[in-house]
Amino acid sequence: MSNFSRQVRLSSTLIRGIQYRISRSFTTIECHRPTILHKKGVDILHNPWFNKGTAFSMTERDRLELRGLLPPNIMTDEQQIERFMTELKKLEMNARDGPSDTISLAKWRILNRLHDRNETMYYKLLMANIKEYAPIVYTPTVGLVCQKYSGLFRRPRGMYFSALDRGEMMSMVYNWPAEQVDMIVVTDGSRIMGLGDLGVQGIGIAIGKLDLYVAAAGINPQRVLPIMIDVGTNNENLLENPLYLGLQERRLEGEEYLSIIDELMEAVFNRWPHVIVQFEDFQSKWASTLLHRYRNTYRMFNDDVQGTAGVVVAGLLGAVRAQEKMMIDFPKQNIVVAGAGSAGVGVVKAARRTMARMLGDSKAAYDSARSQFWVVDVDGLITEERAGIDNELKPFARKINETKRRGLREGATLVEVVQEVKPDVLLGLSGVGGLFSKEVLEAFRGSTSTRPAIFALSNPTMNAECTPEEAFSVVGKHIIFASGSPFQNVDLGSGDIGYCNQGNNMYLFPGIGLGTLLSGARVISDGMLQAAAECLAECMKEDEVVNGMIYPPISRIREITKSVAAAVISEAIEEDLAEGYRGMNSRDLQRLNKEEILVHVENNMSHAKDALIKRPQLEINKIGIRFLGECKRR
Ligand SMILES: NC(=O)c1ccc[n+]([C@@H]2O[C@H](COP(=O)([O-])OP(=O)(O)OC[C@H]3O[C@@H](n4cnc5c(N)ncnc54)[C@H](O)[C@@H]3O)[C@@H](O)[C@H]2O)c1
Ligand SMILES: O=C(O)C[C@H](O)C(=O)O
Ligand SMILES: [Mg+2]
C-alpha cells in the first residue's frame, strides 16, 4: 500500500461518519471516502460550501493559497457568529421604530447573503438560534419574501422548471450538481400561504421549508433541492409587471398541467430514486388530485394536506388533555372548521379517522365521528344541499334534518354556526385574516367546554383568523390558543400569561421526511403519518398541557423531529414497507428496538450536522493539501 493510500485509509477511519465530497459529486454519509478539492484561492472563498471566511487557520491559508486574501485575525466559528449577530442586533436597534415588516425583510436579506457566501455558518447560526431566526427564514417573513421576490432576487437557489421545458426535464435534472438528493420541496406557487397565486415567486416557500429540513432534521444541505414548477400565473399584477421573473401567461390547466407535473416527477425519481418529494402550497384543486395521482407510486406527500392534518390532530388531542379529559374523550369534541380547502379537508379527514379508530374503527364509528364536525367555507355552512360538492367533503356535509333541527341551513354564517353548536374547538384554515371577528369570538364564549380551543392557523401573520390578544380578551383567560404564525404570549394581568402555541406543520414535515428517508419506505402510508401525529401529541408533558401548551416551543424542534422520524420508521417496519437505507437493510431495521431506532435517527441527524459544521475544517485541515497536490498532478 502506498503512503498516500495508507494516509487516506487512516484519515477515513479517523473521521468516520463525516461525509466527504469526491470530485464535484457529493457522496452518502456511509461511504467514508476522501475528498478531492479542485478549488483553491479565491475560488474557495467564493464557494459558499467551502468558504469559512475569517475562520480559515494559517495552515489552511497556506495550503489553500489563501494567504493575503483574508484579514490576518483568525476567528473561531463562535467569534464569527458573534460578530455577525452583533451587527444584526445593531440593525434591529437602529430600526426598532420602523415597521416590523421592514426590519424582518432587512434581516432576511442579511441572512440570505450569509447563505450565499458561507453555508456552514448560515446553518450553524440557524440551528443555534432557531427560535429567533425561523420567523425570518420561514413563516411569516418568507411570505413577504415571496411577495417581493422579483425585486429581491440576486442569486438563483434551487431549480426552475417551466412550461417551456416540456420534453426536456429528464435531461435538465442533470444540470443540478448534486449526485444525491434526499429531499425536494416543490411548489407551483399557486397558493402561497394565505397570499394567493404568487407564480414563480413561490420558490421562497420551498427554500424556507428546506432550511428547516437542515436545521431540524439534520438533512445535509447539499442534498436538498427546492423546485419551482412554473406553469404560469393568474395573478393580474404579476402578469402585468415587466419585472416579474416568471412566465407571463395564464396557468396551464387540465391535462396540459398534469403532463408537466408527471414529467417532473418521472425526471427527479429517475435521477434520484431515493428522493422524497414534498408538495407545498398547491391550490386545493390540484393538491388532492396530485396527492392521489402519485402517493402509491412515488415517495411523496403533501405538506398542507397531510403534514397539517397531523399537526392539528396532535393539537386537538392536546386540547382534550388540557380539559383534563382522557384522550378517549376526543370523539366527543364538537369542532367548527372555517375553511374547506386543501388544509381544512385534510384536517377533518384525519381528525375523523382518529376519532373513528378510538371508537372501534367500524363503519358506525366513522358515521358517528362525522357528526362532530361543522364545516364552513366562503359560502357558509356546508350541507347536503351544496351544489357541486367535492367528493372528499361529502361525508362532512351536514344532513338537512340535522341542520333544520338546529335552526341552521345551507350557507349559515360562521357566527350562526358557532352560536348554535357551542363547539369545543373553533378552527381556522381559511386564509382570511380577522375572520374570527369580535362577533364570532363572542359567540364562541358560549362553548360548553371547560377549556375551549381556538386554532387560528392561517398564515402569514396578517392572515391569522384572530390574534391571541383578541382571543384571550373576548373569550376568556381559560382558552387554549394556537396560531400558524408565531405570536408573543399575552400578559393577562395578575401574573397570568396567555400561552400562544404555534400550530404549524413545521413540527411534522421534517420528521416525516427524515423517517421516510431512513426507513427506505417506497411510499408514505397513512399509518406512517398517523404515527407521526400521535408521536407529536405524546411529546407534550402533562404539566405543559395543563398550562395551555399543546405544541412544544420551537427550541425543541430537533428533539421532536428525532422522535417523529423514529415513530415513522417504526410504523414503516411494522407495515413491512421499510426497505432500509444508509447501510441498514430491511432486516437490520427489523432487528432494532425502539431505543435503537432513536439512536439510528440521532446518528444520522448528527452525521449531517457534523458534516455541515466540521466538514470544511476536517477536509481542508487534515487531507486538503494531499488531495490538492493529487489534483495538481493530474
Ligand atoms: N398552520 C399551518 O401549518 C398551516 C398549514 C396549511 C395551511 N395553512 C394556512 O391555511 C390557509 C388555507 O390553506 P388551504 O391550502 O386550505 O387554502 P385553500 O385556498 O385551499 O382553502 C381556503 C378555504 O377557506 C375558505 N374560505 C375563504 N373565505 C372564507 C370565509 N370568509 N369564511 C369561511 N371560509 C372561507 C374557502 O372557501 C376554502 O375552502 C392558508 O392561509 C395557509 O397558510 C396553515
Ligand atoms: O408555510 C407554513 O408556515 C405552513 C403551511 O405550509 C402554510 O401553507 O401556511
Ligand atoms: Mg404550505
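Residues numbered from 1 in each chain as written. Chains lettered and ligands numbered in written order. Predicted model: local features only at pLDDT ≥ 70, side-chain atom pairs only at ≥ 80, totals over all residues. Heavy atoms only, no water.

As named in an unreviewed UniProt entry, the chain is Malic enzyme, taken from Lactuca saligna. UniProt, in its Catalytic activity (unreviewed entry) section for the chain, records the words "(S)-malate + NAD(+) = pyruvate + CO2 + NADH". Quoted verbatim from the Sequence similarities (unreviewed entry) heading of the UniProt record, the comment on the chain is "Belongs to the malic enzymes family." (UniProt positions renumbered as here; feature names shortened; annotations may be inferred.)

Counting 116 residues, the largest nonpolar core has Tyr 213, Leu 316, Leu 427, Phe 455 and Val 601 as the members making the most contacts within it. Counting residues in hydrophobic clusters, the runner-up holds 39 residues, among them Val 173, Trp 272, Phe 279 and Trp 286. (Core = buried A, V, L, I, M, F, W, Y, C linked by side-chain atoms within 4.5 Å. Buried < 20%, exposed > 50% of the residue type's maximum accessible area, 1.4 Å probe, protein only.)

Adjacent strands of a sheet pair through backbone hydrogen bonds, lying either parallel or antiparallel. Ordered by their spatial adjacency, 7 strands build an open sheet running 10-9-8-11-12-13-16, and the pairing between neighbours is mixed. Each having just a single partner strand, strand 10 (380-381) and strand 16 (500-502) make up the two edges of the open sheet. Pairing of strand 11 (residues 425-428) with strand 12 (residues 453-456) involves 4 bridges; the strand directions are parallel. Each bridged residue has a counterpart across the sheet, and for Leu 427 the counterpart in strand 12 is Phe 455. Across the sheet, helix 21 (residues 468-475) lies against strand 12, strand 13 (480-483) and strand 16, angled at about 160 degrees from strand 13, the strand it touches most. (Pairing = 2+ DSSP bridges. Helix = DSSP H or I, 4+ residues; strand = E, 2+ residues; numbered from the N terminus. Contact = heavy atoms within 4.5 Å. Axes fitted to C-alpha atoms, helices over the stretch in contact; angles between N-to-C directions.)

Let's shift gears to the coordination of the magnesium ion (ligand 3). The magnesium ion (ligand 3) binds to the protein through Glu 280 (OE), Asp 281 (OD) and Asp 304 (OD), with metal-donor distances spanning 2.0 to 2.1 Å. Considered as a linear motif, the donors of the magnesium ion (ligand 3) on their single chain read E-D-x22-D. Linking Asp 281 in the loop between strand 6 (276-279) and helix 14 (284-294) with Asp 304 in helix 15 (residues 303-322), this pair joins segments that are 23 residues apart in sequence. (Donors = N, O, S within 2.8 Å, 3.2 Å for Na, K, Ca; no water.)

On to the packing of aromatic side chains. The final tally for this structure, using the stated rule, is 12 aromatic pairs. With a centroid separation of 5.7 Å and an interplanar angle of 70 degrees, the aromatic rings of Tyr 149 and Phe 153 are classed as edge-to-face. Their ring planes at 35 degrees and their centres at 6.0 Å tell us that Phe 279 and Tyr 294 sit as a pair that is tilted. You can see Phe 279 sitting in strand 6 and its partner Tyr 294 sitting in helix 14, a full 15 residues away along the chain. You'll find Phe 279 and Tyr 294 in the same group, each marked buried. One aromatic cluster in this structure is built from Phe 269, Phe 279, Phe 282, Tyr 294 and Tyr 298. Just above the ring of Phe 396 sits the side chain of Arg 352; from NZ or CZ to the centre is 5.5 Å. (Phe/Tyr/Trp six-rings, centres within 6.5 Å; stacked < 30°, edge-to-face > 60°. Lys NZ or Arg CZ within 6 Å of the ring centre and 35° of its normal.)

The contact between helix 15 and helix 16 (residues 342-358) brings their axes to 8 Å, and the two run at 50 degrees. Classified by the angle their axes make, helix 15 and helix 16 are oblique. As for the relative orientation of helix 15 and helix 16, their crossing is right-handed in sense. Touching Asp 304, Val 305, Thr 308, Ala 309, Val 312, Val 313, Leu 316 and Leu 317 of helix 15 are Ser 342, Ala 343, Gly 346, Val 347, Ala 350, Ala 351, Thr 354 and Met 358, all from helix 16. Residue composition of the contact of helix 15 with helix 16, grouped by class: 11 nonpolar, 4 polar and 1 charged. (Parallel < 35°, antiparallel > 145°, perpendicular 65-115°, else oblique. Left-handed = near helix turned anticlockwise from the far one by under 90°. Nonpolar A, V, L, I, M, F, W, Y, C, P; charged D, E, K, R; others polar.)

A separate point is the side chain of Arg 556. Of note, Arg 556 is situated in the loop between helix 24 (542-546) and helix 25 (557-574). Apart from residues lying up to four places away in sequence, Arg 556 is in contact with Cys 539, Lys 541 and Glu 544.

Another aspect to go through is the sheet that holds strand 3 (residues 159-162). Ordered in space as 3-5-4-6-7, the 5 strands form an open sheet in which the pairing is parallel. Two strands close off the open sheet at either side, each with one partner strand: strand 3 and strand 7 (300-302). Between one strand axis and the next, the sheet turns through 20 degrees on average, direction left out of account. Both strand 4 (residues 183-187) and strand 5 (residues 224-230) contribute to a ladder of 5 bridges, which runs parallel. If you follow Thr 187 over to strand 5, its bridge partner there is Met 228. Strands in contact with helix 14 are strand 6 and strand 7; relative to strand 7, the strand with the most contacts, it is inclined by about 160 degrees. Here helix 15 sits on the sheet and contacts strand 6 and strand 7; the angle it forms with strand 7, its principal contact strand, is near 75 degrees.

The next thing to look at is unusual backbone geometry. In this model, Thr 139 is joined to Pro 140 through a cis peptide bond whose omega is 15 degrees. Position of Pro 140 relative to the elements: it lies in the loop between helix 7 (130-137) and helix 8 (141-147). Cis geometry is found at the peptide bond from Asn 459 to Pro 460, where omega equals -15 degrees. Tracing the backbone shows Pro 460 in the loop between strand 12 and helix 21. Located in the positive-phi region is Lys 422, a residue other than glycine, with phi close to 50 degrees. Locating Lys 422 in the fold gives a position in the loop between helix 19 (414-421) and strand 11.

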